[in-house]
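# Examination of the molecular architecture
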Amino acid sequence: MTDTSERCDVLVVGGGPGGSSCARALHAAGLDVVVIDRSSFPRDKVCAGWITPPVLDALQIDPVDYARGRTWQPITAFRTGLIGGRPVETDYKRPVSYGIRRCEFDDYLLRRSGARLILGEPVREIVREGKDWVVNGRFRAPVLVGAGGHACPVARRLRGDEPVPVIRAQEAELPIGSEGAGAVAGGVPELYFCEDLAGYGWVIRKGNFINVGLGRDDPHDLPGHVQRFCDWLRATGRLPACPTSFKGHAYRLYDLAMPVPLADGILLVGDAAGLAHPQTGEGIRPAIESGLLAADVIREAAGDYRAERLMPYWTRLRARLERPGSGAATLIPAFARRAIARAILRSAWLTRRVVLDGWFLRGD
């Protein structure tokens, strides 16, 4: 039987920031890369949506070039606290982050990757044939990069359907002046933690859009938590009206016990590997960093994609994601952690050093 599949050096499943970053680095190294995604781009993507200067450096993005015709909201301050409590404002007096819209940001990264793009085609079948992977009977490659988010088909192929604990979130992004967005003023992101500290909500203006949402590691009554958060925002004048509909998504927080995100001819990046930041749930930066690390290891493997040759990816990824003392919090009883967190959120100095610098900005 004649093989009619189309061959490439690397097949990336998923066109988000992790997949496009990996594809761009591999294309620049001279490899033939195909990116396949079930969505057509630009596509809607629920996300609070801001990036830090280290992300710009890693992706070699020129802010002036990116801002032409796209949303680019410099962030110089934050308001933080507990839902229902008094917020603490932290003013950095300089841009420390930038608000973006994922529909624009992801499309920009994907289009500039240089990879061949197969968009609007879902992955229906992944088959192992010798040392190759064949996807949809159409594409053949010796190595797959799973970058399709929490529900990535490559991750399911690797791990099966075993359930894993995830964070669930609901959010809405609306044009300023529309129902639910009104005429919100200012560009200071507001981050408010749930009373039980099992999640947090946000309201963020980005240019002519506002994003509001809430995520929790306890999904029980998530819509109720979202509604009560929006009611509080409205009652305190932070939101003119509650959005009429929300979109949901799920992701897994990185933890020390997560399974190895690779196998023969397979590497998982970003949410497909479960790399969201443990304290904030942020996924853009871990996706990009893991995508670039995966590209490095694929280049170094020089065509030998056995799991043992790909293992440096896991070693470097752990070294990047883990910090000294990262597991120490698990040794503190839950009630004590809650008390400590509340004390931190009431202190302007600790909020800046721990919550913002240490968690949300992570300028390392």
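Residues numbered from 1 in each chain as written. Predicted model: local features only at pLDDT ≥ 70, side-chain atom pairs only at ≥ 80, totals over all residues. Heavy atoms only, no water.

In terms of helices and strands, the chain carries ten helices and 20 strands. Relative to the compact-globule value of 21 Å for 364 residues, the chain shows a C-alpha radius of gyration of 21 Å, a close match. Principal-axis analysis of the C-alpha atoms gives the chain an extent of 70 × 45 × 35 Å. Taking as baseline every contact in the chain between residues at least 6 positions apart, the subset at least 24 positions apart corresponds to 69%. Only carbon and sulfur atoms are counted for the fraction: they give 52% of the accessible area of the chain, which is about 16200 Å². (Helix = DSSP H or I, 4+ residues; strand = E, 2+ residues; numbered from the N terminus. Rg over C-alpha atoms; globule rule 2.2 N^0.38 Å. Contact = heavy atoms within 4.5 Å. Areas by Shrake-Rupley, 256 points an atom, 1.4 Å probe, with all protein chains shown as cover.)

Let us look at the sheet that holds strand E3 (residues 33-37). The strand order E9-E3-E2-E13-E20-E19 describes an open sheet built from six strands, whose pairing is mixed. Unpaired on one side and paired on the other, strand E9 (116-119) and strand E19 (262-263) mark the two borders of the sheet. Judged from the four bridges that link them, strand E2 (residues 10-13) and E3 form a sheet pairing that is parallel. For leucine 11, the partnering residue across the bridge sits in E3 and is valine 34. (Pairing = 2+ DSSP bridges.)

With that settled, the discussion passes to the nonpolar core. Most often, soluble globular proteins keep nonpolar side chains buried together rather than apart. Residues Val10, Leu11, Ile298 and Tyr313 are the most contacted members of the largest nonpolar core, which totals 54 residues. Tallying contributions element by element places helix H7 (residues 284-301) first for this core, with six residues. In contact with leucine 11, not counting residues within four places along its chain, are Val34, Ile36, Val135, Phe139, Ala141, Val143, Leu144 and Val145. Formed by 22 residues, the second largest nonpolar core is a distinct cluster that contains Ile167, Leu345, Val355 and Phe360. (Core = buried A, V, L, I, M, F, W, Y, C linked by side-chain atoms within 4.5 Å. Buried < 20%, exposed > 50% of the residue type's maximum accessible area, 1.4 Å probe, protein only.)

Once that is clear, we can look at the sheet that holds strand E6 (residues 77-82). Read from one edge to the other, the open sheet built from seven strands follows the order E7-E6-E15-E16-E17-E14-E18, with strand pairing classed as mixed. Bordering the open sheet on either side are strand E7 (88-91) and strand E18 (247-251), each of which pairs with just one other strand. The sheet shows a mean angle of 20° between the axes of neighbouring strands, direction not considered. Sheet strands touched by helix H6 (residues 222-235): E6, strand E14 (167-175), strand E15 (190-193), strand E16 (199-206) and strand E17 (209-216). Its angle to E17, the strand with the most contacts, is close to 135°. (Axes fitted to C-alpha atoms, helices over the stretch in contact; angles between N-to-C directions.)

Where helix H1 (residues 17-28) contacts H7, the two axes come as close as 7 Å, and the packing angle between them is 35°. Where H1 crosses over H7, the two elements pack in a sense that is right-handed. Facing H1, whose interface residues are Pro17, Gly18, Ser21, Cys22, Ala25 and Leu26, H7 presents Ala287, Ile288, Gly291, Leu292, Ala294, Ala295, Ile298 and Arg299. Taken together, the residues of the contact of H1 with H7 sort by class into ten nonpolar, three polar and one charged. (Left-handed = near helix turned anticlockwise from the far one by under 90°. Nonpolar A, V, L, I, M, F, W, Y, C, P; charged D, E, K, R; others polar.)

It is worth spelling out the packing of H7 against helix H8 (residues 307-321) at this point. Relative to each other, H7 and H8 sit at 150°, their axes nearing to 9 Å. By the angle between their directions, the pair H7 and H8 is classed as roughly antiparallel. Here H7 runs over H8; the crossing is right-handed. Across the interface between the two elements, Arg285, Glu289, Ser290, Leu293, Ala294, Asp296, Val297, Glu300 and Ala301 from H7 touch Arg309, Leu310, Pro312, Tyr313, Arg316, Leu317 and Arg320 from H8. (Parallel < 35°, antiparallel > 145°, perpendicular 65-115°, else oblique.)

Mean pLDDT over the chain works out to 88, with 90% of the residues at or above the 70 mark. pLDDT under 50 marks residues 324-333. Its contacts with residues more than four places away, or in other chains, come to five contacts. (pLDDT = per-residue confidence, 0-100.)

How two aromatic rings sit relative to each other is given by the distance of their centres and the angle of their planes. One pass over the structure, following the stated rule, counts twelve aromatic pairs. With 4.9 Å between their ring centres and 85° between their planes, tyrosine 192 and tryptophan 232 make a pair best called edge-to-face. Remark: tryptophan 232 occurs in helix H6 and tyrosine 192 occurs in strand E15; sequence separation between them is 40 residues. Aromatic rings pair up to connect Trp50, Phe78, Phe193, Tyr200, Trp202, Trp359 and Phe360 into one cluster. The ring centre of tyrosine 66 lies 5.1 Å from the NZ or CZ of arginine 70, which sits over that ring. Positioned over the ring face of phenylalanine 209 is arginine 101, at 3.6 Å from the centre of the ring. (Phe/Tyr/Trp six-rings, centres within 6.5 Å; stacked < 30°, edge-to-face > 60°. Lys NZ or Arg CZ within 6 Å of the ring centre and 35° of its normal.)

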